[in-house]
Amino acid sequence: MLLADIIMSTATLIEGARPFGIELTEAQATGMLRLLDELDDWNQRMNLTAIRDRPSQLTKHLLDSLSVQPFLQGRRIADIGTGAGFPGLPLAIVNPDREFTLLDSTAKKLKFVDHVAQVLGLSNVTTIHTRAESFRTPWRFDTVTSRAVGALGRFVEWSGHLCVGGGRLLAMKGREPQDELAALPSGWKVAAIHRVTVPGLDEERHIVEICRSHDKVETGSAAPKQRPEQNGTTE
Ligand code: SAM
């Protein structure tokens, strides 16, 4: 990549992360660009992602991943169906004090995630090759994320057991998934639906925050750090 492109991409990331309450360091931005370089390289040998042009990668992979940051709770985070590491890897880069478990049922994608974690020195990333519904751990996670892994009901059925009491399942969606909201398994409820704006992306994005039915939901408990004019949260 040309130096001018690197400078422009770095600025796009630093500016684009701010609405999510993230002051990206240059080192973190450089790490994210390295992640995309590795993705391009591996993509020549295996099909990891269909998003191949750099401007789209910056918005649809990196900034879109960071859009869930304001809603993360606690220290232990799991990303279900992480694929090539989205949103898990960008989140791990900006949250060195949190532990990320990136889980997928496809081993070759996790090989890529392991490679990037090693190249970037991300000691807070662990990968697990399994189907979410068969994953059993002695501990559970404070927040469980997923992007593009199917309907809400299935996400909750597969991953609910991984979430601590009072924790959150965060499903990253395009349009508000009205039909899916009605089909949550019993024992779970929608705590909030956050409409988010991803800088440079002219598409709708929503984050559906799900918790156990008996959990208390405090209005504003997960208040987004987006600027007011970009914050279309409906709670
Ligand atoms: N989250 C990534 C993203 O947004 O770029 C990848 C999305 S990809 C469309 C869906 C991923 O979910 C695939 O990598 C697939 O292997 C994984 N997956 C599907 N069902 C799964 C399950 N039951 N447990 C774990 N991973 C699953």
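So, a few notes on the structure that sits alongside this text. Along each chain, numbering runs from 1 in the same order as the chain's sequence is written. Restriction of local features to residues with pLDDT of at least 70 applies here, the model being predicted, together with a cutoff of 80 or more for giving and counting side-chain atom pairs; totals for whole chains, interfaces and linings are based on all residues.

### Side note on the overall build of the protein chain
Stage number 1. Per the secondary structure count, the protein chain includes 7 helices and 7 strands.
Stage number 2. Each radius of gyration reported is based on C-alpha atoms, and the globular scaling rule is 2.2 Å times the count of residues to the power 0.38. Compactness check: the protein chain gives a C-alpha radius of gyration of 17 Å against a globular reference of 18 Å for 235 residues, within 12% of the reference.
Stage number 3. On the principal axes, the C-alpha backbone points of the protein chain span a range of 55 × 40 × 30 Å.
Stage number 4. Once C-beta atoms are placed from the backbone, each residue is buried if 20 or more other C-beta atoms lie within 10 Å of its own, exposed if 12 or fewer, and partly exposed for counts between those two. In the protein chain, which comprises 235 residues, the share counted as buried stands at 42%.
Stage number 5. Two residues form a contact once the distance between their C-beta atoms, set from the backbone, is within 7 Å. The contacts in the protein chain between residues at least 6 apart in sequence include a share of 69% that link residues at least 24 apart. Helix and strand definitions here come from DSSP, where helices need a minimum of 4 consecutive H or I residues and strands a minimum of 2 consecutive E residues; each element is numbered from the N-terminal end.

### Here's the deal with the sheet that holds strand S2 (residues 99-104)
Hydrogen bonding along the main chain pairs the strands of a sheet, whether they run parallel or antiparallel.
Stage number 1. Strand order in the open sheet formed by 7 strands is S3-S2-S1-S4-S5-S7-S6, with mixed pairing between adjacent strands. Whereas interior strands pair on both sides, the edge strands pair on one side only; in this sheet they are strand S3 (125-129) and strand S6 (188-196). Each strand axis lies, on average, 20° off the axis of its neighbour in the sheet, ignoring direction.
Stage number 2. Strands are labelled as partners when DSSP assigns at least two bridges between them. Here strand S5 (residues 163-173) pairs with strand S7 (residues 205-212) via 5 bridges, running antiparallel. Looking at the pairing, Met 172 lines up with Ile 207 of S7.
Stage number 3. With respect to the sheet, helix H5 (residues 107-119) is in contact with S2 and S3, its orientation differing from that of S3 by roughly 165°.
Stage number 4. Lying over the sheet, helix H6 (residues 152-159) contacts strand S1 (76-80), strand S4 (141-147), S5, S6 and S7, oriented at roughly 145° with respect to S5. Axis angles are defined between N-to-C directions and span 0 to 180 degrees, where every axis is a line fitted to C-alpha atoms and, for a helix, only to the segment in contact.

### Considerations on the site of the ligand
Stage number 1. Using the backbone to place each C-beta atom, any residue with that atom within 6 Å of a molecule or strand is considered near it. Of all residues adjacent to the ligand, which total 17 residues, the nearest are Gly 81, Gly 83, Thr 106, Ala 132 and Arg 147.
Stage number 2. Partitioning the shell around the ligand into residue classes produces 7 nonpolar, 5 polar and 5 charged. Nonpolar residues are Ala, Val, Leu, Ile, Met, Phe, Trp, Tyr, Cys and Pro. Charged residues are Asp, Glu, Lys and Arg, and all others, Gly as well, are polar.

### Comments concerning helix H1 (residues 3-17)
Stage number 1. End to end, H1 covers 21 Å across 15 residues, agreeing with the expected 21 Å (1.5 Å per residue, within 8%).
Stage number 2. Within H1, the full set of buried residues consists of Ser 9, Leu 13, Gly 16 and Ala 17. Buried residues of H1 fall within an arc of 95° about the axis and therefore sit on the same side. Exposed and oriented more than 90 degrees from the buried face of H1 are Leu 3, Ala 4, Ile 7 and Ala 11.
Stage number 3. Its buried side turned inward, H1 meets helix H2 (26-43) and helix H3 (54-66). In this analysis, the expected span of each helix is defined as 1.5 Å times one less than the number of residues it contains. Arc definition: it is the arc formed by the directions from the helix axis to the C-beta atoms.

### Some words on the pairing of S5
Stage number 1. Examined bridge by bridge, S4 and S5 share 6 bridges and lie parallel to one another. Following the sheet pairing, Thr 145 is matched in S5 by Leu 170.
Stage number 2. Chirality of the crossover, the property in question, places the unit of S4, H6 and S5 among those that are right-handed. By the criterion used throughout, a crossover qualifies as right-handed when its path from the first strand across the helix to the second strand runs clockwise, the strands pointing away from the viewer.

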